[in-house]
Amino acid sequence: MLFVNREQVKFLPLAEMLPKKKEKEKEQQKILKEIKDIKNSLDEFAIVAITTPQGDITYANDKFCEITQYSREEVMGKNHRILNSGYHSKEFFENLWQTIGRGQVWKGHVRNKKKNGELYWEFSSISAIRNAEGMITHYVAVKEDIAQRKEIERLKDEFVSVVSHELRTPMAVIKEGVSQVFEGLHGGISTTQKEVLV
């Protein structure tokens, strides 16, 4: 018999411990597989980056490298500012950092710059990762490339502007012509004709 602090310690037979250990290992393997499947699905769809609380990149997935044109080696340890296009104001980034610094999720459209200088748009969702004590240890950014969506919006706005202008121009000419006829600038018109024009 074994006593620890004057209390008897009971040992489980090895035969009882092994099935429980195997069961636990099986459960851990299942959880790891589920995490891997989620990661694979996320990597197929999204640009993912993990940074320190100071914004230094500690992880970048393949989609991040594909979109930004930086290799993983080029961005590891670098600050996320390497993507800054100069498009957004200082206040924009202050708001972003204050939000995630409070542990809240920040979401928004960001215009960044690729390695070759080309600008691109992404929709970002940035949230904090906390340790067991509740301290923020990292931030994870899950982003979607929305460059095509922004281009479609721009083309739509341009189209609406052109169509609106093209519709207004003939209507102005017609309105002016009717006004001139009504005022008799091109010869007299009858009372019946005036009633039709009104």
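Caption draft 1: Spotlight on the overall build of the protein. Secondary structure summary: the protein contains 6 helices and 7 strands in total. Listed N to C, the secondary structure of the protein is β-β-α-β-β-α-α-α-β-β-β-α-α in terms of helices and strands. Taken across its 198 residues, the protein has 20% of its residues classed as buried. Put simply, of all contacts in the protein between residues at least 6 apart along the chain, 38% involve residues at least 24 apart.

Caption draft 2: How the structure looks around the sheet that holds strand β5 (residues 106–113). In spatial order, the strands read β4-β3-β7-β6-β5; together these 5 strands make up an open sheet with antiparallel pairing. At either end of the open sheet lies a strand with only one pairing partner, and these are β4 (57–60) and β5. Direction aside, the axes of adjacent strands within the sheet are offset by 30 degrees on average. Bridging between β5 and strand β6 (residues 119–130) involves 8 bridges; their strand directions are antiparallel. In the strand pairing of β6, Gly-108 is matched with Ser-124. Running at roughly 135 degrees to β5, helix α4 (residues 90–101) makes contact with β5, β6 and β7 (136–145) of the sheet.

Caption draft 3: Examining the packing of aromatic side chains more closely. For the structure on display, the rule yields 4 aromatic pairs. When the centroid spacing of 5.2 Å and the interplanar angle of 85 degrees are considered together, the rings of Phe-92 and Phe-93 count as edge-to-face. Note on Phe-92 and Trp-106: the rings are 5.6 Å apart at their centroids and 85 degrees apart in plane angle, and the pair reads as edge-to-face. Linking Phe-92 in helix α4 with Trp-106 in strand β5, this pair joins segments that are 14 residues apart in sequence. Of the residues examined, Trp-106 reaches a relative accessible area of 7% and is grouped as buried. Grouping aromatic residues by their ring pairs yields a cluster made of Phe-92, Phe-93 and Trp-106.

Caption draft 4: Expanded view of α4. Spanning 12 residues, α4 covers 16 Å between terminal C-alpha atoms, matching the ideal 16 Å at 1.5 Å per step. Within α4, the full set of buried residues consists of Leu-96, Thr-99 and Ile-100. Buried residues of α4 fall within an arc of 90 degrees about the axis and therefore sit on the same side. Exposed residues pointing more than 90 degrees away from the buried face of α4 are listed as Lys-90 and Glu-91. Backbone geometry just downstream of α4 places Gly-103 in the positive-phi region, at approximately 85 degrees.

Caption draft 5: Up close: the side chain of Glu-122. As for its placement among the helices and strands, Glu-122 is situated in strand β6. A polar contact is formed between the side chain of Glu-122 and the side chain of Asn-112, at a distance of 2.8 Å. If near-sequence neighbours (up to four positions away) are discounted, Glu-122 is found in contact with Ile-47, Gly-108, His-109, Val-110, Asn-112, Lys-143, Glu-144, Asp-145 and Ile-146.

Caption draft 6: Structural view of the nonpolar core. Grouped together as the largest cluster of nonpolar side chains are 11 residues: Ile-47, Ala-49, Ile-57, Ala-60, Phe-64, Cys-65, Ile-67, Tyr-70, Val-75, Leu-83 and Tyr-120. Sorting the residues of this core by element identifies β3 (47–51), β4 and α2 (62–68) as the ones contributing at least two each. Sort the elements by how many residues they give to this core and α2 lands first, with 3 residues. With residues near it in sequence (within four places) discarded, Cys-65 still touches Tyr-70, Ser-71 and Arg-72.

Caption draft 7: Region of interest: the pattern of salt bridges. On inspection of all chains with the given rule, the structure shows 8 salt bridges. A salt bridge links Lys-90 to Glu-94; the nearest nitrogen and oxygen atoms lie 3.9 Å apart. A residue pair is termed a helical-turn pair when its members lie 3 or 4 positions apart in one helix, as Lys-90 and Glu-94 do in helix α4 at 4 residues. Lys-90 gets classed as exposed once you look at its relative accessible area, which sits at 63%.

What counts as what
- Residues numbered from 1 in each chain as written.
- Predicted model: local features only at pLDDT ≥ 70, side-chain atom pairs only at ≥ 80, totals over all residues.
- Heavy atoms only, no water.
- Helix = DSSP H or I, 4+ residues; strand = E, 2+ residues; numbered from the N terminus.
- Buried < 20%, exposed > 50% of the residue type's maximum accessible area, 1.4 Å probe, protein only.
- Contact = heavy atoms within 4.5 Å.
- Pairing = 2+ DSSP bridges.
- Axes fitted to C-alpha atoms, helices over the stretch in contact; angles between N-to-C directions.
- Phe/Tyr/Trp six-rings, centres within 6.5 Å; stacked < 30°, edge-to-face > 60°.
- Expected span 1.5 Å × (residues − 1).
- Arc of directions from axis to C-beta.
- Polar contact = N/O pair within 3.5 Å; in protein donor to acceptor, adjacent residues only side chain to side chain.
- Core = buried A, V, L, I, M, F, W, Y, C linked by side-chain atoms within 4.5 Å.
- Salt bridge = Lys/Arg side-chain N within 4 Å of Asp/Glu carboxyl O.

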